[in-house]
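# Survey of secondary and tertiary structure
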Amino acid sequence: MASDAIIMKDAYVAINGTVFSNNCSAATIESTFDEVDTTGFGSTYRQFGQGLGDATITLTVFNDNAHTVDAALWPLSQSGGTFSIEVRASSANVGTANPKYTMTGRLFAYNPIAGAVGDAATTDVPIRNAGTAGLARGTS
Amino acid sequence: MPTLTQTPIKAGIYGKLAGDTTLTNLLAAAPAGYSKAIYFELAPQGALFPHVIFSKTSGIPYYSFKTGGSLYDEDVWMVKAVDKSTASDVCESIAARVDALLQDASLSLSGGLNLRYLRRAGDVSYSETDNGVRYVHRGANYRIVYD
């Protein structure tokens, strides 16, 4: 049986509407919720409810020789301002087969230069949720 | 954007080496049909010694989410001097000159390619005999990163 796995090749990454796919080699979307213990007396098993959510989108980016990536991310990391981010597994149109994940993000950590001799300058950029809506999934 | 063709790097390396009279004066005369005793992959039949042989030993493309090709490529090219001799001195002098030309060099690359990194990544040093005749090989592998 042929595999139907998604092979990441041309994921779509945009920050504030500017596409950064060409400079990204990895994208990870993490969605988590607190586990709230609601176990009462007399229970045999612990019970858990879903608490507050959290989301982080981490990008692995190559900085380019024109420093366009750095020029975009540095002010975001320094200002503490929010920005929109959208990630899709493919650059194809958004749809049920290619949902988009969007979030209002804020950058708390950014390493503008990272790399050893002879390495490409790459850095992981962790973008934390900064909006009340959290991480959203859309198919249109 | 790098492609599978070797021509731009091959021509860039050849141009850098062949354009240096200090190096070419260390080499034997080239046979008919060749300008310099600097050969890609294989010396021609009857080639005199010493000469330089260079070839691509590996190439690794690195991708981003960009479509249409790699973001940059990382090659390893072997460049060595070969001499028919019981001594290695001549070969080592040629290898040293090659290294001076290539280490952190700029190469003129066709096809809109940009050289980002060119450094020696390891040495090539060995001898062999064929029908009792000794051949000396001295040179290096060079890591070349380009986009």
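By convention here, each chain's residues receive numbers from 1 onward along its written sequence. All chains are assigned letters beginning at A, and all ligands numbers beginning at 1, according to the order in which they are written. Confidence filtering applies because this is a predicted model: local features only for residues at pLDDT of at least 70, side-chain atom pairs given and counted only at 80 or more, and all residues used for totals across whole chains, interfaces and linings. For side-chain calculations, the full set of non-hydrogen atoms in the structure is used, while hydrogens and water are omitted.

Next up on the list: the sheet that holds strand β4 (residues 115-130) of chain B. All names here are of chain B. Here 5 strands make up an open sheet; going across it, the order is β1-β2-β3-β5-β4 and the pairing mixed. Looking at the sheet topology across the chains shown, the edges are occupied by β1 (38-40) and β4. Across the sheet, the axes of successive neighbouring strands diverge by a mean angle of 20°, strand direction being ignored. As defined by bridge partners, strand β2 (residues 51-62) adjoins strand β3 (residues 72-84) across 11 bridges and the pair is classed as antiparallel. Each residue of the ladder has a partner; that of P61, found in β3, is D73. Helix α1 (residues 7-18) rests against β1, β2, β3 and β5 (133-146) of the sheet, and its axis sits at about 40° to β3. Contact between two residues is taken to exist if any of their heavy atoms lie within 4.5 Å; hydrogens are not considered. Axis definition: a line fit to C-alpha positions, over the contact stretch in the case of helices; interaxial angles, taken between N-to-C directions, run 0 to 180 degrees. Elements are defined by DSSP. Helices are runs of H or I of four residues or more, strands are runs of E of two residues or more, and each kind is numbered from the N terminus. Seen against the sheet, helix α3 (residues 89-102) touches β2, β3, β4 and β5 and runs at an angle of roughly 10° to β5. Strands pair, by our definition, only if DSSP identifies at least two bridges between them.

Residue and element names in this part refer to chain A. Here the expected length of a helix is defined as 1.5 Å per residue gap, with one fewer gap than residues. Here helix α1 (residues 68-79) spans 18 Å end to end across 12 residues, near enough to the 16 Å set by a 1.5 Å rise per residue. Think of it in three bands: residues with accessible area under 20% of the maximum for their type are buried, residues over 50% are exposed, and the middle band is partly exposed, with areas taken using a 1.4 Å probe on protein chains only. Buried within α1 are the following residues: V69, D70, L73, L76 and S77. Buried residues of α1 fall within an arc of 140° about the axis and therefore sit on the same side. Away from the buried face of α1 by more than 90 degrees, exposed residues A71, Q78 and S79 are located. The secondary structure elements touched by the buried residues of α1 are β1 (12-15), β4 (48-62), β5 (82-88), β6 (100-107) and β7 (122-129). Where α1 terminates, the next one or two residues include G80, which has phi positive at roughly 75°. In this description, one arc is meant: the one made by directions from the helix axis to the C-beta atoms.

Take the pairing of β4(A) next. All names here are of chain A. Across 12 bridges, strand β3 (residues 24-37) lies against β4 in antiparallel orientation. Counted as the bridge partner of T28 is T58 from β4. Note: β4 against β7, 7 bridges, orientation antiparallel. Counterpart to L59 in the pairing with β7 is V125.

The next point concerns the side chain of A:S21. For A:S21, the position within the fold is in the loop between β2 (18-19) and β3. Each residue touching A:S21, except ones within four places of it in the same chain, is listed here: A:A11, A:Y12, A:V13, B:S64, B:F65 and B:K66.

Let us look at α3(B). All names here are of chain B. Helix length check: α3, at 14 residues, gives a terminal C-alpha distance of 20 Å against a target of 20 Å (1.5 Å per residue), a fit within 8%. For α3, the set of buried residues is C91, I94, A95, V98, D99, L101 and L102. Looking down the long axis of α3, one finds its buried residues gathered within 160° of arc, a one-sided arrangement. What points out from α3, more than 90 degrees from its buried face, is the exposed set D89 and A100. Buried residues belonging to α3 abut α1, α2 (21-24), β2, β3, β4 and β5.

Okay, the environment of B:Y63 next. Positionally, B:Y63 belongs in the loop between β2 and β3. With a relative accessible area of 51%, B:Y63 lands in the exposed category. Measuring from C-alpha to C-alpha, the distance between B:Y63 and B:D73 comes to 8.7 Å, with 10 residues separating the pair along the chain. Residues in contact with B:Y63, not counting those within four places in the same chain, are A:S25, A:F62, B:G69, B:S70 and B:L71.

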